[in-house]
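# Per-entry structural report
Here is how the chains run, residue by residue.
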Number of protein chains: 4
Amino acid sequence: MSAEHELELRVRYAETDQMGVVYHTNYLVWCEMGRTELIRDLTGVSYAQLEAQGVALAVAELSIRYHGAARYDNRIRVRTSLSDARSRSVTFEYLIVNADTGERLATARTVLVSLDKRGRPVVMPEALRNQLTAKL
Amino acid sequence: MSAEHELELRVRYAETDQMGVVYHTNYLVWCEMGRTELIRDLTGVSYAQLEAQGVALAVAELSIRYHGAARYDNRIRVRTSLSDARSRSVTFEYLIVNADTGERLATARTVLVSLDKRGRPVVMPEALRNQLTAKL
Amino acid sequence: MSAEHELELRVRYAETDQMGVVYHTNYLVWCEMGRTELIRDLTGVSYAQLEAQGVALAVAELSIRYHGAARYDNRIRVRTSLSDARSRSVTFEYLIVNADTGERLATARTVLVSLDKRGRPVVMPEALRNQLTAKL
Amino acid sequence: MSAEHELELRVRYAETDQMGVVYHTNYLVWCEMGRTELIRDLTGVSYAQLEAQGVALAVAELSIRYHGAARYDNRIRVRTSLSDARSRSVTFEYLIVNADTGERLATARTVLVSLDKRGRPVVMPEALRNQLTAKL
């Protein structure tokens, strides 16, 4: 009983850099894939639909620590959890591991704020906030 | 009985641009995912292993036509086929469709050449060429 | 007297892949930078402004041949020229070279079509077409 | 008298997302461009040369706060400063602003660790550390 989602993906060649490992910003793209799926699980609609309804959640702040390196063709697991939800913001946390070895690769945290169509911070629709926090 | 592979993926937010559709070069990243999987199917090893053995296949030439637009969160199907294999090059063809509607989004073709560790064109190892062409 | 633009850029680390060279789709991003600047030169307004006015030019077709490899921190020169303009489409051609050595790295061609706000092909505004073709 | 570098760049279309602004991880790519140039200024050699000599500096930790949005075709200024250098790590800080309006867009911080060719943390070569810290 918790607000959590796990996804698996395979590292793309395009995601590597000349150090032979995944370029560091790509882990953050995987985090976004994770929260897309967690939002779908919690709300029953896709973030694409939320955005079409005028709800935008924009990253306001993020931090990430790298513990190991992901490499081309590795299978990666991203565990996303919702750790906090306020009237204007939600916080997600992420654990990224190598799905084959279990090696911990990165831990991250993002704070997203609710924006209106003009890009100004607004209070999140109450129904949405209730869905997001139902399992907190 | 053919050298063909199908994969499915979901469009990432990071892959969109301000026109509200997938940025045009990202379809080519999906093509690469397709040929990675087709090579795995045909050879029984991953392209990552081939590269570790000193075999590099580099894109020498590509073309793509866009017929429709992929959008965020769409489910996409990429059908990859090997259409030609010569001593120093292999040609792959791709059909990208919306997996839900069946709408054809793009058709592409890439020619890859075999390179040695210094980046010079070389004849492909015969065993590899035989595996690639076994089902042609 | 010609519709041509040259820009220089330096290869970013993020643009490399584990082969130690620029990932092949990134050359196409440089092509887009080139046509952005050529359009600015020819029309006196930015493509950003054109798009705000409801004119979208979307890539419908592209091809590229790779002749050499760009590497991290290389200085790159992109020469963009407009080679054809019709009522609904414009064609750009590109030559990408290493700015220090003069080595030819890639040649490319893109066909862009004029779209309305719903993404349907439309005739390009006549004023825009005249500006684009004034130096052809 | 300080370890600081400023660069300017123009936002690429490829860097935008469907929210109509720059996709959030791309600011971190700009940060890397900034530290590439600051390292060149401080050491007299490029990071490409350092890496060829076996010195790798990998991002171990980063954080970023977004204060405003960068948009397509905006001119962006990235101010990079070196704020700390230890035997095995260096810390860079970044301020990203809209170069035309002066609006503050993001502030970031990255900690990089020195790695050997096998990817293990090592003490940075003393000469390099001295060059990096000469102006601290």
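Below, the structure is looked at part by part.

The rules behind these values
Starting from 1, residues in each chain are numbered consecutively following that chain's sequence as written. Throughout, the order in which chains and ligands are written sets their labels, letters from A for the former and numbers from 1 for the latter. Residues qualify for local features only when their pLDDT is at least 70, as the model is predicted, and side-chain atom pairs are given and counted only at 80 or more; totals for whole chains, interfaces and linings, by contrast, use all residues. Computation of side-chain values: all heavy atoms of the structure, hydrogens and water removed. For helices the rule is a DSSP run of H or I covering at least 4 residues; for strands it is a run of E covering at least 2, with both sets numbered from the N terminus onward. The globule rule used here is 2.2 Å times the number of residues to the 0.38 power, and the radius of gyration it is set against is calculated over C-alpha atoms. Relative accessible area decides the class of each residue, using a 1.4 Å probe on protein chains only: under 20% of the type maximum gives buried, over 50% gives exposed, and in between gives partly exposed. Contacts are assigned to residue pairs with any non-hydrogen atoms lying within 4.5 Å of each other. When charges are counted, Lys and Arg contribute as positive and Asp and Glu as negative, whereas His and the chain ends are disregarded. Note on charges: their place is set at NZ of Lys, CZ of Arg, CG of Asp or CD of Glu. In plain terms, two cysteine sulfur atoms within 2.5 Å form what is called a disulfide here. To superpose the copies, least squares is applied to the C-alpha atoms of every residue with a pLDDT of at least 70 in both. Any two rings among Phe, Tyr and Trp, with Trp reduced to its six-membered ring, count as a pair given centres within 6.5 Å; such a pair is stacked if its planes are under 30 degrees apart, edge-to-face if over 60, and tilted if neither. The rule for pairing is simple: two strands pair if DSSP sees at least two bridges between them. All axes are obtained by fitting lines to C-alpha atoms, using only the stretch in contact for helices, and the reported angles, taken between N-to-C directions, cover 0 to 180 degrees. Relative orientations are named as follows: roughly parallel for angles under 35 degrees, roughly antiparallel for angles over 145 degrees, roughly perpendicular for angles from 65 to 115 degrees, and oblique for any other angle. Side-chain classes follow a simple rule in which Ala, Val, Leu, Ile, Met, Phe, Trp, Tyr, Cys and Pro form the nonpolar group, Asp, Glu, Lys and Arg form the charged group, and the remainder, Gly included, forms the polar group. When two parts are brought into contact, each loses some accessible area as probed by a 1.4 Å sphere; the total of that loss over both is the buried area. Every case where a carboxyl oxygen of Asp or Glu lies within 4 Å of a side-chain nitrogen of Lys or Arg is listed as a salt bridge. Whenever a nitrogen or oxygen atom comes within 3.5 Å of another N or O atom, the pair is scored as a polar contact, on the condition that within protein one atom can donate a hydrogen and the other can accept it, and that pairs from neighbouring residues in sequence are kept only if both atoms are in side chains.

Assigned secondary structure in chain A consists of 3 helices and 5 strands. Its helices and strands in sequence order give chain A the pattern β-α-α-β-β-β-β-α, from N to C terminus. Relative to the 2.2 N^0.38 estimate, which gives 14 Å for 136 residues, the radius of gyration of chain A is 16 Å and therefore close to what a compact globule would have. If one aligns the C-alpha atoms of chain A with their principal axes, the spans along those axes are about 45 × 35 × 25 Å. The proportion of buried residues among the 136 residues of chain A is 57%. Taking the intrachain contacts of chain A between residues at least 6 apart in sequence as the baseline, contacts between residues at least 24 apart amount to 66%. Side chains of chain A carry 18 positive and 17 negative charges; the gap between the two charge centres is 4 Å.

Despite not being glycine, D73 of chain B shows a phi value in the positive range, around 75 degrees. By the element assignment, D73 of chain B lies in the loop between strand 2 (56-66) and strand 3 (75-85).

Evaluation of the coordinates by the stated rule reveals 0 disulfides over all chains. Between C31 of chain D, a free cysteine, and C31 of chain A, which holds the nearest cysteine sulfur, the sulfur-to-sulfur gap is 17 Å. Residue classification places C31 of chain D among the buried residues on the basis of a relative accessible area of 0%.

Right, let's get into the relation of the copies chain D and chain A. With an RMSD of 0.0 Å, chain D superimposes on chain A once it is rotated by 180 degrees and translated 0.0 Å along the axis. When the rotation and shift are considered jointly, the pair of chain copies conforms to a two-fold rotation axis. Across chain D, the smallest distance between a C-alpha and the rotation axis is recorded for S63 of chain D, namely 2.0 Å. The share of interface residues of chain D whose copies in chain A are also at the interface is 100%, consistent with both copies meeting through the same surface.

Before going further, it helps to spend a moment on the packing of aromatic side chains. Applying the stated criterion across every chain, the model contains 20 aromatic pairs over all chains. For the ring pair Y13 of chain C and Y72 of chain C, a centre distance of 4.9 Å and an interplane angle of 75 degrees mean the geometry is edge-to-face. Placement of the pair is Y13 of chain C in the loop between strand 1 (4-10) and helix 1 (26-43) and Y72 of chain C in the loop between strand 2 (56-66) and strand 3 (75-85), with a sequence separation of 59 residues. Of the two residues examined, Y13 of chain C and Y72 of chain C, each falls in the buried class. Put simply, the rings of Y13 and Y72 of chain A together with Y47 of chain B touch in pairs and so form one group of aromatic residues.

This next bit is on the pairing of strand 5 (residues 104-115) of chain D. All names here are of chain D. The pairing of strand 2 (residues 56-66) with strand 5 spans 10 bridges and is classified as antiparallel. In the strand pairing of strand 5, E61 is matched with V111. As defined by bridge partners, strand 4 (residues 89-98) adjoins strand 5 across 9 bridges and the pair is classed as antiparallel. Note that in strand 5 the partner of V90 across the bridge is L112.

Okay, the packing of helix 1 of chain C against helix 3 (residues 126-133) of chain C next. The geometry of a pair of packed helices is captured by two quantities: the angle between their axes and the separation between those axes. Residue and element names in this part refer to chain C. In contact at an axis separation of 8 Å, helix 1 and helix 3 are set at 100 degrees when each is read in the N-to-C sense. Taken together, the axes of helix 1 and helix 3 lie roughly perpendicular to each other. Two secondary-structure elements touch here, helix 1 through I39, L42 and T43 and helix 3 through L128, Q131 and L132. Among the residues forming the contact of helix 1 with helix 3, the class breakdown is 4 nonpolar, 2 polar and no charged.

Right, let's get into the sheet that holds strand 3 of chain B. As summarised here, the arrangement of the 10 strands in space is 1(B)-3(B)-4(B)-5(B)-2(B)-2(C)-5(C)-4(C)-3(C)-1(C), forming an open sheet in which the pairing is antiparallel. Sheet topology places strand 1 (4-10) of chain B together with strand 1 of chain C at the edges, where each strand pairs with a single neighbour. The sheet shows a mean angle of 25 degrees between the axes of neighbouring strands, direction not considered. As paired strands, strand 2 of chain B and strand 2 of chain C are joined by 5 bridges and run antiparallel to one another. Within strand 2 of chain C, the residue paired with S63 of chain B across the bridge is S63 of chain C. Along the sheet, helix 1 of chain C makes contact with strand 1, strand 2, strand 3, strand 4 (89-98) and strand 5 (104-115) of chain C, crossing strand 1 of chain C at roughly 135 degrees.

Another point: the interface of chain D and chain A. Between chain D and chain A, the residue contacts involve 22 residues of the former and 22 residues of the latter. It is M19, H24 and L62 of chain D that lose the most area in chain D upon contact with chain A, and together they represent 26% of the buried surface on that side. Between R65 of chain A and E61 of chain D there is a salt bridge whose closest N-O contact spans 3.7 Å. Along the contact surface separating chain D from chain A lie 8 residue pairs in polar contact (both at pLDDT 80 or more). Residue assignment for the side of chain D that touches chain A shows that the elements contributing at least two residues are helix 1 (26-43), helix 2 (47-52) and strand 2 of chain D. Among the elements that line the side of chain D that touches chain A, the one with the most residues is strand 2 of chain D, at 11 residues. Here the residues of the side of chain D that touches chain A are counted per class, giving 13 nonpolar, 4 polar and 5 charged.

Quick look at the interface of chain C and chain A now. Often, the extent of an interface is quoted as the loss of accessible area on bringing the components together. The interface of chain C with chain A comprises 9 residues on the first partner and 9 residues on the second. Here chain C packs against chain A, burying approximately 920 Å² in sum over the two surfaces, 58% of which is carbon and sulfur. By the criterion of area lost to chain A, the three top residues of chain C are Y13, Q18 and Y23 of chain C, representing 60% of everything that side buries. Applying the counting criterion to the chain C and chain A interface returns 0 salt bridges.

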